[in-house]
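# Working through the structure, step by step
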Protein chains: 2
Amino acid sequence: MTQHPYYNPQIHGAYERFNIGDLPLACGETLRDCTLAVVTLGQLNAARDNAILIPTWYSGTSKVIQDVFVGAGRAIDPQKYFIIIVNQLGNGLSSSPHDTVGPQARAGFAKITIADDVSAQHRLVTERLGLSQLALVMGGSMGAQQAYEWAVRYPAMVQRLAAIAGSARTSQINQVIADAIIHGLRSDPGFKAGNYVSSSAVSEGLEQHARLMTLHGLSAEFFEQQHYKSLGFDTVAGFVEGFMIPYFAPMDPNALITMLEKWRGADVSHSCAGDLRAALGRITARTLVLPISQDEFFPPSICLADAQLIANARFKALDSPFGHLGLFGADAHWLQQVDAELAALLDQP
Amino acid sequence: MTQHPYYNPQIHGAYERFNIGDLPLACGETLRDCTLAVVTLGQLNAARDNAILIPTWYSGTSKVIQDVFVGAGRAIDPQKYFIIIVNQLGNGLSSSPHDTVGPQARAGFAKITIADDVSAQHRLVTERLGLSQLALVMGGSMGAQQAYEWAVRYPAMVQRLAAIAGSARTSQINQVIADAIIHGLRSDPGFKAGNYVSSSAVSEGLEQHARLMTLHGLSAEFFEQQHYKSLGFDTVAGFVEGFMIPYFAPMDPNALITMLEKWRGADVSHSCAGDLRAALGRITARTLVLPISQDEFFPPSICLADAQLIANARFKALDSPFGHLGLFGADAHWLQQVDAELAALLDQP
């Protein structure tokens, strides 16, 4: 396989690729040779009960998850836990439009759901890593959506659940946002129905994507209080053009759309005929629901409604002017509080 | 002049066009034969002190202003007041890119500011209508921005000021929103640097524009509580595709960009070297600051900060799940409260 200029270990750090075989998908198709890019840190203990699973969020990879959450002396400590960071399907490192051959290549890539990710991860964790128990499944944003799906589908396996800045079902406003972002990518004439020459041929669509991620990913407070200055930018326009647009520019539009459609359709109640109460009622994990107060994608009110349907949940909204992109870890105060919450969760049985 | 398929009296109701002559603009250019499309209702009284001026908001025209705010028995009552509704420059009815000839036509249209609108309106009101006093200058959204500019620049003329869902200076987040919307229009290949064949040639850009107006114009509550059902739509997608996209589709992209750049740069402190406190300190009008609690363009916190810098201001945040587009008047409960507030303001000296 030729190396992609963005999705490679030089940019995202080392990872293993597990071919877990053909994966039947919720849409009815089968993803051939489904491959998960995985980073493991630390050691499994003798009791095989110290594994932590962390799926990735939208457009991110295992690298940012490791950078933000993992470290010696921190809550997610590789000296204590066996940490498994799994790149979500379609994120460019696990099976993705750009590295699939045959009819599922590129624009033909199958429609993936959060449930499919969790099916793939379950196969990895049980069949390849031989685990029957997870001390914690946690994630931010779309990672939280996967973590919720885990706790609903495999309650006996998931001892603890931490949903950071994410919800069990994608809200209506989030669907409108996803539609707008998808439209921005698809309406770029260089997109050519997914058969573009390169990401740079879709630069206008990717720029619009970055502008929308700026608008909803951050918060009004971030702009009014000029927190972009702490990132080294003098003006809002400088921040958008110097950080947000270049950040997304090298990404693969088909990969982004795969993830956006997955995000748009996320709903743990799919297995309970749309009954969210019934689905969340299945969760037995000790649960931590940790929204960001200024989050426009996953506002605390939505997350609180989830928490209220879970038997053993702690709900805590944490403040960050970075809004949803507090997840990037630039807000040290927010991150300290997250660590403290995760440590407290892991300290409990 | 050939008639435009959207900007005409058949669609927007009857209006008079006043040619107020060449208008020097803040940008240094002069707008030749500046023409204001104006609707007047009611009669000027003998004391010439019952005039109410209402400038229009973004993309709207005198028709929607009249429909939403004016009526016999209502606060803005043509049986009591002489009501002057002025279409803002570039809105398609007053001087606009599509109806200007020569070098300022279409893509060459001058950059207009809120201050220029108020200069034009001042000339209309004083020289053409012969008024030296306005009982009330009021507006919603960009109309509020023009009303603020009036009260700061001509404090002796403006007896009362009502700023509904608008602020005295455009916030940083609003600038980011405006940039994203402008980018969505300009990046449509059919836009051709403003020299497009027709609005339908820019349909993708106009669709993206509509999606962004949906996201920021309404509120999360509107979608979560499915208020679009009260407008006759079963799904979010149906609402976006059946209402928002068709609503903006016939509009002129150059006109929208003219208004967006005006909105983006709105700042009453331009005349006080950027000192908002000094600018708002000039206001002597009895003032009503009336944000919508769920407004994402002009959140109550920004409007409260304005009110706190005005000597004689009443601040009241009103609830509407429609968010900023409560201004469309579909929320009868919100509108009743606005009417009550305006009536109370007009009852006071």
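What comes next concerns the included structure. (Residues numbered from 1 in each chain as written. Chains lettered and ligands numbered in written order. Predicted model: local features only at pLDDT ≥ 70, side-chain atom pairs only at ≥ 80, totals over all residues. Heavy atoms only, no water.)

### Some points on the interface of chain B and chain A
In plain terms, the rule: Residue contacts are defined here by distance: any two heavy atoms, one from each residue, within 4.5 Å place the two residues in contact. Summed over both partners, the accessible area lost on bringing two parts together, with a 1.4 Å probe, is the buried area. Between Lys or Arg on one side and Asp or Glu on the other, a salt bridge is scored when a side-chain nitrogen of the former is within 4 Å of a carboxyl oxygen of the latter. Pairing of N or O atoms within 3.5 Å defines a polar contact, subject to two protein rules: one partner must be a possible hydrogen donor and the other a possible acceptor, and residues neighboring in sequence count only if both atoms are side-chain atoms. Helix and strand definitions here come from DSSP, where helices need a minimum of 4 consecutive H or I residues and strands a minimum of 2 consecutive E residues; each element is numbered from the N-terminal end. Each residue gets one of three labels, nonpolar for Ala, Val, Leu, Ile, Met, Phe, Trp, Tyr, Cys and Pro, charged for Asp, Glu, Lys and Arg, and polar for the others, Gly among them.
Counting from both sides, the interface comprises 27 residues of chain B and, opposite them, 27 residues of chain A. Summed over both sides, the interface of chain B with chain A buries roughly 2,500 Å², with 66% coming from carbon and sulfur. A per-residue breakdown of the area chain B buries against chain A is headed by Gln172(B), His183(B) and Leu215(B), which together make up 25% of the total. Our enumeration of links across chain B and chain A arrives at 0 salt bridges. Counting across the interface, chain B meets chain A through 15 residue pairs in polar contact (both at pLDDT 80 or more). Contributions of two or more residues to the side of chain B that touches chain A are made by α5 (172-186), α6 (203-217), α7 (220-224) and α8 (236-248) of chain B. Residue composition of the side of chain B that touches chain A, by class: 13 nonpolar, 9 polar and 5 charged.

### Some details on the relation of the copies chain B and chain A
Relating one copy of the chain to the other takes a rotation about an axis and a shift parallel to that axis. The following threshold applies: Least-squares fitting of one copy onto the other uses the C-alpha atoms of those residues that reach a pLDDT of at least 70 in both copies.
It takes a turn of 180° to lay chain B on chain A, together with a shift of 0.0 Å along the axis; the resulting RMSD is 0.0 Å. The transformation relating the two chain copies, once decomposed into turn and shift, fits a two-fold axis. In this assembly, 100% of the residues forming the interface of chain B have copies in chain A that are likewise at the interface, indicating an isologous arrangement.

### Quick word on the sheet that holds strand β1 (residues 16-19) of chain A
Residue and element names in this part refer to chain A. Here is the rule: Pairing between strands is defined by DSSP: at least two bridges between them are needed. The convention used is that axes are lines fitted to C-alpha atoms, helices contributing only their stretch in contact, and that angles between N-to-C directions extend from 0 to 180 degrees.
Reading across the sheet, the 8 strands line up as β1-β4-β6-β5-β7-β8-β9-β10 and stay open at both edges, with mixed pairing between neighbours. Here the strands that pair on one side only, and so sit at the sheet edges, are β1 and β10 (313-315). Going from strand to strand, the sheet's axes swing by 20° on average, the running direction of each strand aside. Pairing of strand β5 (residues 51-55) with strand β7 (residues 136-140) involves 2 bridges; the strand directions are parallel. If you follow isoleucine 52 over to β7, its bridge partner there is leucine 136. Running over the sheet, helix α3 (residues 114-128) touches β1, β4 (35-41), β5 and β6 (82-86) and is turned about 55° from β4.

### A few points about the side chain of His4(B)
As for its placement among the helices and strands, His4(B) is situated in the segment before α1 (9-12). Of the polar contacts made by the side chain of His4(B), one reaches the backbone nitrogen of Tyr7(B); its length is 3.3 Å.

### Focus on the pattern of salt bridges
Applied cut-off: Accessible area is worked out with a 1.4 Å probe on protein chains only. A residue is then buried under 20% of its type maximum, exposed over 50%, and partly exposed in between.
Summed over all chains, the structure comprises 24 salt bridges over all chains. For Glu241(A), the salt bridge is made with Arg211(A), and the minimal N-O distance between the two is 3.9 Å. Placement of Glu241(A) in helix α8 (residues 236-248) and of Arg211(A) in helix α6 (residues 203-217) is noted, with a sequence separation of 30 residues between them. Assessed through its relative accessible area of 49%, Glu241(A) is described here as partly exposed. For Asp117(B), the salt bridge goes to Lys262(B), with nearest N and O atoms at 2.4 Å. Highlighted residues: Asp117(B) in helix α3 (residues 114-128) and Lys262(B) in helix α9 (residues 253-265), separated in sequence by 145 residues. The residues Asp117(B) and Lys262(B) share a single accessibility class, namely buried. Members of the salt-bridge network, linked through shared partners, are Glu207(A), Arg211(A) and Glu241(A).

### Quick word on the environment of Ala178(A)
Residue and element names in this part refer to chain A. Among the structural elements, alanine 178 can be located in helix α5 (residues 172-186). Given the relative accessible area of 4%, alanine 178 is considered buried. Here the alpha-carbon distance between alanine 178 and glycine 217, two residues 39 residues apart in the chain, equals 12 Å. Residues within four places of alanine 178 in sequence aside, it is in contact with Leu260 and Arg264.

### Topic: helix α11 (residues 300-307) of chain B
Rules: What the arc measures is the spread of directions leading from the helix axis to the C-beta atoms.
Turning to α11(B), its buried residues number three or more, namely Pro300(B), Ile302(B), Cys303(B), Asp306(B) and Ala307(B). Buried residues in α11(B), looked at end-on, bunch into an arc of 160°, giving them a common side. Where α11(B) is buried, its residues meet α7 (220-224) of chain A together with α4 (142-153), α10 (276-281), β9 (286-290) and β10 (313-315) of chain B.

### Quick look at the pairing of strand β9 (residues 286-290) of chain A
Residue and element names in this part refer to chain A. As a reminder of what qualifies: Place the viewer so that the strands point away; then a crossover is right-handed whenever the path from the first strand over the helix to the second strand goes clockwise.
For β9, the buried fraction is high: 4 of the 5 residues fall into the buried class. Bridge count between strand β8 (residues 160-164) and β9: 5 bridges; the pairing is parallel. Bridging from a neighbouring strand, alanine 163 pairs with valine 289 of β9. For the segment spanning β9, helix α11 (residues 300-307) and β10, crossover handedness is right-handed.

### Concerning helix α4 (residues 142-153) of chain A
Our working rule: Expected helix span is given by 1.5 Å per residue-to-residue step, counting one fewer step than there are residues.
End to end, α4(A) covers 16 Å across 12 residues, agreeing with the expected 16 Å (1.5 Å per residue, within 8%). Within α4(A), the full set of buried residues consists of Met142(A), Gly143(A), Ala144(A), Gln145(A), Gln146(A), Ala147(A), Tyr148(A), Glu149(A), Trp150(A), Ala151(A) and Val152(A).

### Quick notes on the nonpolar core
Defined as follows: To qualify as a nonpolar core, a set must consist of buried Ala, Val, Leu, Ile, Met, Phe, Trp, Tyr and Cys residues joined through side-chain atoms within 4.5 Å.
With 252 residues, the main nonpolar core has Phe69(A), Ile76(A) and Ile76(B) as its most contacted residues. If near-sequence neighbours (up to four positions away) are discounted, Ile76(A) is found in contact with Ile52(A), Ile54(A), Phe69(A), Val70(A), Gly71(A), Ile83(A), Leu136(A), Met138(A), Leu342(A) and Leu346(A).

### Here we look at the packing of α3(B) against α4(B)
Pairs of packed helices are described in terms of their axes, by the angle between the two and the distance that separates them. All names here are of chain B. So the rule is basically this: Any angle from 65 to 115 degrees is called roughly perpendicular, while one under 35 is roughly parallel, one over 145 is roughly antiparallel, and all others are oblique. What makes a crossing left-handed is the near helix being turned counterclockwise from the far one by less than a right angle; a clockwise turn instead makes it right-handed.
Closest axis-to-axis distance for the α3/α4 pair is 9 Å, and the angle between their directions is 65°. Judged on the interaxial angle alone, α4 and α3 are roughly perpendicular. In this structure, the crossing between α3 and α4 has a hand that is right-handed. Between α3, through Ile114, Ala115, Asp117, Val118, Ser119, Gln121, His122 and Val125, and α4, the contact on the second element is made entirely by Met142, Gln145, Gln146, Glu149, Trp150 and Arg153. A per-class count over the contact of α3 with α4 returns 6 nonpolar, 5 polar and 3 charged.

### As for the packing of aromatic side chains
Residues and elements named next belong to chain A. Test applied: Paired rings are identified among Phe, Tyr and Trp, the last through its six-membered ring, by centres lying within 6.5 Å, and are further divided according to the angle between planes into stacked (under 30 degrees), edge-to-face (over 60) and tilted (the rest). Sitting over a ring, as applied to charges here, requires NZ of Lys or CZ of Arg to be within 6 Å of the ring centre and within 35 degrees of the ring normal.
Tallied over the full model, the rule gives 32 aromatic pairs over all chains. Pairing phenylalanine 191 with tyrosine 196 gives two aromatic rings, centres 5.7 Å apart and planes at 35°, and the pair type is tilted. On the basis of relative accessible area, phenylalanine 191 is assigned to the buried category, the value being 4%. Each member of the aromatic cluster is reached from another via a ring pair, and the members are Phe222, Phe223, Tyr228, Phe233, Phe239, Phe243, Tyr247, Phe248, Phe322 and Phe328. If you follow arginine 106 out to its NZ or CZ, it ends over the ring of tyrosine 196, 4.7 Å from the centre.

### So, the sheet that holds strand β1 (residues 16-19) of chain B
Residue and element names in this part refer to chain B. Reading across the sheet, the 8 strands line up as β1-β4-β6-β5-β7-β8-β9-β10 and stay open at both edges, with mixed pairing between neighbours. In this open sheet, the two edge strands, each paired with only one partner strand, are β1 and β10. Across the sheet, the mean angle from the axis of one strand to that of its neighbour is 20°, orientation sign disregarded. Packed on one face of the sheet, α3 meets β1, β4 (35-41), β5 (51-55) and β6 (82-86) and runs near 55° to β4.

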